[in-house]
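Take a look at the letters that make up each chain.
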Amino acid sequence: MTLSPSARWALRAVMALGLFFIYVPLLLVLVNSFNGDRTFGWPPHDFTTRWWTAAWNNGGARDALWTSVKAGLGATAIALVLGTMIAFAVQRYKFFGRDTVSLLVVLPIALPGIVTGIALDSAWRSVIAPLGLGKGLFSVVVGHATFCVVTVYNNVLARLRRSGVSFEEASADLGASPGQTFRYITFPMIRSALLAGGLLAFALSFDEIIVTTFTAGPGIQTLPIWIFNNLFRPNQAPVVNVVAAVLIVLSVLPVWLAQRVAGPEAGASRT
Amino acid sequence: MSFLHRHPRLRLAALLSAPMLWLVVAYLGALAVLLVSAFWAVNGFTGEVVREFTLQNFRTIVTEEVYRNVTLRSLGVAVAVTVICVLLALPMAFYMAKVASPRARGWLVIAILTPLWASYLVKAYAWRVLLANDGPLDSLIGTPGYGLVAVVIVLSYLWLPYMILPIYAGLERLPDSMLEASADLGARAGRTFRGVVLPILVPSIFAGSIFTFSLSLGDYITVQIVGGKTQLIGNLVYANVGAANNLPFAAAIACIPVLIMVIYLTAVRRSGALEEL
């Protein structure tokens, strides 16, 4: 489309404004984590690193981080297995209800988190708890895995669509057993899609707060829950600021990894 | 292995059984329990759930004005957020896909993606700091303070990348030659945009709107952080599960966003929006 120079400038200005809108709040948190003033008077008068030391020594935040990592790894592992299986079934077979299956995979993220949360909560209370298994870290993993499946599913499905079956057929024609074909052909083919999907699943789980609120057992505190619980306590504000700043800095990591692993388009979809 | 190899149907069953067990039994089962419990009640004295069929919860929701107001307010917020996101995302995605140089494009995609990974809570918190009275924004241009306006701003901020990315993907698939053809046929930029670009982008916009809509409709965290006294559907559900300890009533309220989303999903499904997710 031939755009007039003024239209180009207008678009460029909107883009710049948009990026400004996106990044200013994040930069503010970074700056505030060094703000020497306890009440975060603005503009800051002096800068200090003492909140960073305080955050490093904060046991609650550390425990919460560790809980989040465990929940994320568990949910990612389950999502990898289930998501890959559904992707293979949907892409390689024609069967009745195939569209319904793909809709079902999307549903946990298409419905508001609070619905998924209280649904799992009430089901756990009325079905699983009577069996003697109360809510704990495990129920968090179950809840997270439910909405993480879709990220792996989408990544693997897209890869399978693009790569076709001819390599696998060639492998079978050359006498490889199904196991060998999977090990030497199929798995290497989808490996980077698994990594990208797994990364997304982990990030989704790591960031989740609503489903977590309803599925966590007593005493289970993930990092988002810890932040939320401390958000309204003025005493904790400096430490919350540092944890927030760390999370912002860390968010660069998965994008960088996904780009390295699966090319520039990886991670372009968070679903 | 070779037995499975000769029986593709069995292979399919083996592939699907575990995931379906999870999604149908665990997830849909849980949703079904929720739906059923919406027809139960809570004993006012003991706080115990009474498992007898009653329509009382739904009657309360339909007849009492506060629930209608909250529903309409939540819908209004979801619509406003979606519209703001579309209006911002269209020019940004267009610039990224069609105006920026290929090199700059890669960086812009990263610039849009990265904040998506930054914690939701951290971003809402950043806005709480930004919008505070005597905060940074107040000293520059003034702040709306914590309330409904703040909720709309922050939710738009949070979900904007979810709208930019599908629109960008849609634009990337749109060949430049089509835009040139339109220009050759005499259409000016505005006409090309309305006649060619926008119709092609409809599924992408709907795909993005599923996120902005659903995420706004169920949110109660952002509302607690920057909303002041504002209440949306999510807050009512949360209050009834927690403080009021009335799970059946919470379940009944939760049916409102589910119903809205189901209607919305069916409506946009025909445009092919679900494939764009």
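Residues numbered from 1 in each chain as written. Chains lettered and ligands numbered in written order. Predicted model: local features only at pLDDT ≥ 70, side-chain atom pairs only at ≥ 80, totals over all residues.

Looking at an unreviewed UniProt entry, one finds chain A named ABC transporter permease and attributed to Paractinoplanes ovalisporus. The record in UniProt for chain A states the following under Sequence similarities (unreviewed entry): "Belongs to the binding-protein-dependent transport system permease family. CysTW subfamily." (UniProt positions renumbered as here; feature names shortened; annotations may be inferred.)

A. View of the overall build of chain A. Within chain A one finds 12 helices and 0 strands. Ordered by position from the N terminus, the helices and strands of chain A form the series α-α-α-α-α-α-α-α-α-α-α-α. Principal-axis analysis of the C-alpha atoms gives chain A an extent of 75 × 70 × 30 Å. Taken over 271 residues, chain A has a buried fraction of 46%. In chain A, of all internal contacts separated by at least 6 residues, the share reaching a separation of at least 24 is 77%. (Helix = DSSP H or I, 4+ residues; strand = E, 2+ residues; numbered from the N terminus. Buried ≥ 20, exposed ≤ 12 C-beta atoms within 10 Å, placed from the backbone. Contact = placed C-beta atoms within 7 Å.)

B. Main features of the overall build of chain B. Secondary structure assignment for chain B yields 13 helices and 2 strands. Taking 2.2 N^0.38 as the reference for a compact globule, 277 residues should give roughly 19 Å; the C-alpha atoms of chain B span a radius of gyration of 23 Å, well beyond that estimate. Projecting the C-alpha coordinates of chain B onto the three principal axes gives extents of approximately 75 × 75 × 35 Å. Contacts in chain B between residues far apart in sequence, at least 24 positions, make up 71% of those at least 6 positions apart. (Rg over C-alpha atoms; globule rule 2.2 N^0.38 Å.)

C. Highlighting the UniProt feature "domain: ABC transmembrane type-1" (unreviewed entry) in chain A. As recorded in UniProt, the sites labelled "domain: ABC transmembrane type-1" (unreviewed entry) are residues 65-258 of chain A. The distance separating the terminal C-alpha atoms of residues 65-258 of chain A is 22 Å; by composition the span is 81% helix and 0% strand.

D. Just the interface of chain B and chain A, in detail. Taken together, the contact pairs 77 residues of chain B with 71 residues of chain A. Split by residue class, the side of chain B that touches chain A holds 63 nonpolar, 12 polar and 2 charged. (Nonpolar A, V, L, I, M, F, W, Y, C, P; charged D, E, K, R; others polar.)

E. Structural context of helix 11 (residues 237-250) of chain A. Relative to the 20 Å expected for 14 residues at 1.5 Å per residue, helix 11 of chain A spans 20 Å between its end C-alpha atoms, a close match to the ideal helical length. Of all 14 residues in helix 11 of chain A, 11 are buried; the element is thus mostly enclosed. Taken residue by residue, helix 11 of chain A has Pro-238, Val-239, Val-240, Asn-241, Val-242, Val-243, Ala-244, Ala-245, Val-246, Leu-247 and Ile-248 of chain A as its buried positions. At its buried positions, helix 11 of chain A is contacted by helix 1 (5-32), helix 2 (50-56), helix 3 (59-92) and helix 10 (223-231) of chain A together with helix 6 (120-131) of chain B. (Expected span 1.5 Å × (residues − 1).)

F. Region of interest: the confidence of the model for chain A. Residues and elements named next belong to chain A. Confidence in the prediction of chain A, expressed as mean pLDDT, is 86, and 93% of residues score 70 or more. Ranking the helices and strands of chain A by mean pLDDT puts helix 3 first, with 94, and helix 12 (residues 252-262) last, with 75. Counting contacts from residues 264-271, a segment whose pLDDT is below 50, to residues more than four positions away or on other chains yields 24 contacts. (pLDDT = per-residue confidence, 0-100.)

G. The arrangement of the confidence of the model for chain B in detail. When pLDDT is averaged along chain B, the result is 87, and 96% of the positions lie at 70 or above. Two summary scores accompany this predicted model of the complex, namely pTM at 0.86 and ipTM at 0.81.

H. Representation of the domain arrangement of chain B within the structure. Its domain assignment divides chain B into domain 1 (2-37) and domain 2 (64-276). A straight line from the C-alpha centre of domain 1 of chain B to that of domain 2 of chain B covers 33 Å. (Domains from an automatic or database assignment.)

I. A look at the UniProt feature "transmembrane region" (unreviewed entry) in chain A. Residue and element names in this part refer to chain A. Taken from the UniProt record, the annotation "transmembrane region" (unreviewed entry) applies to residues 9-31, 71-90, 102-124, 136-156, 193-217 and 237-257. Along residues 71-90 one finds 100% helix and 0% strand; the C-alpha atoms at either end are 28 Å apart. Here residues 237-257 is 95% helix and 0% strand, with 31 Å between the C-alpha atoms at its ends.

J. Inspection of the packing of helix 8 (residues 148-173) of chain B against helix 10 (residues 189-218) of chain B at higher detail. All names here are of chain B. Following both chains from N to C, one finds helix 8 and helix 10 inclined at 160°, their axes separated by 8 Å at the closest point. The orientation of helix 8 relative to helix 10 falls into the category roughly antiparallel. As helix 8 runs across helix 10, the sense of the crossing is right-handed. In contact with Leu-155, Trp-159, Tyr-162, Met-163, Pro-166, Ile-167, Ala-169, Gly-170 and Leu-171 of helix 8, helix 10 contributes Ile-200, Leu-201, Ser-204, Ile-205, Ala-207, Gly-208, Phe-211, Thr-212, Leu-215 and Ser-216. When its residues are assigned to classes, the contact of helix 8 with helix 10 shows 14 nonpolar, 5 polar and no charged. (Axes fitted to C-alpha atoms, helices over the stretch in contact; angles between N-to-C directions. Parallel < 35°, antiparallel > 145°, perpendicular 65-115°, else oblique. Left-handed = near helix turned anticlockwise from the far one by under 90°.)

K. Representation of the environment of Asp-121 of chain A within the structure. All names here are of chain A. Topologically, Asp-121 is positioned in helix 5 (residues 113-128). You can call Asp-121 buried: it has 24 C-beta atoms within 10 Å. C-alpha of Asp-121 to C-alpha of Lys-135: the two residues are 14 residues apart in sequence and 8.7 Å apart in space. Discounting chain neighbours no more than four positions away, the residues touching Asp-121 are Phe-214 and Thr-215.

L. Just the packing of helix 9 (residues 176-184) of chain B against helix 10 of chain B, in detail. Residues and elements named next belong to chain B. As a packed pair, helix 9 and helix 10 sit with axes 10 Å apart at the nearest point and diverge in direction by 135°. When the axis of helix 9 is compared with that of helix 10, the two are oblique. As helix 9 packs across helix 10, the resulting crossing turns out to be right-handed. Within the contact between the two elements, helix 9 uses Met-178, Leu-179, Ser-182 and Ala-183 and helix 10 uses Thr-192, Gly-195 and Val-196. Residues belonging to the contact of helix 9 with helix 10 are distributed by class as follows: 4 nonpolar, 3 polar and no charged.

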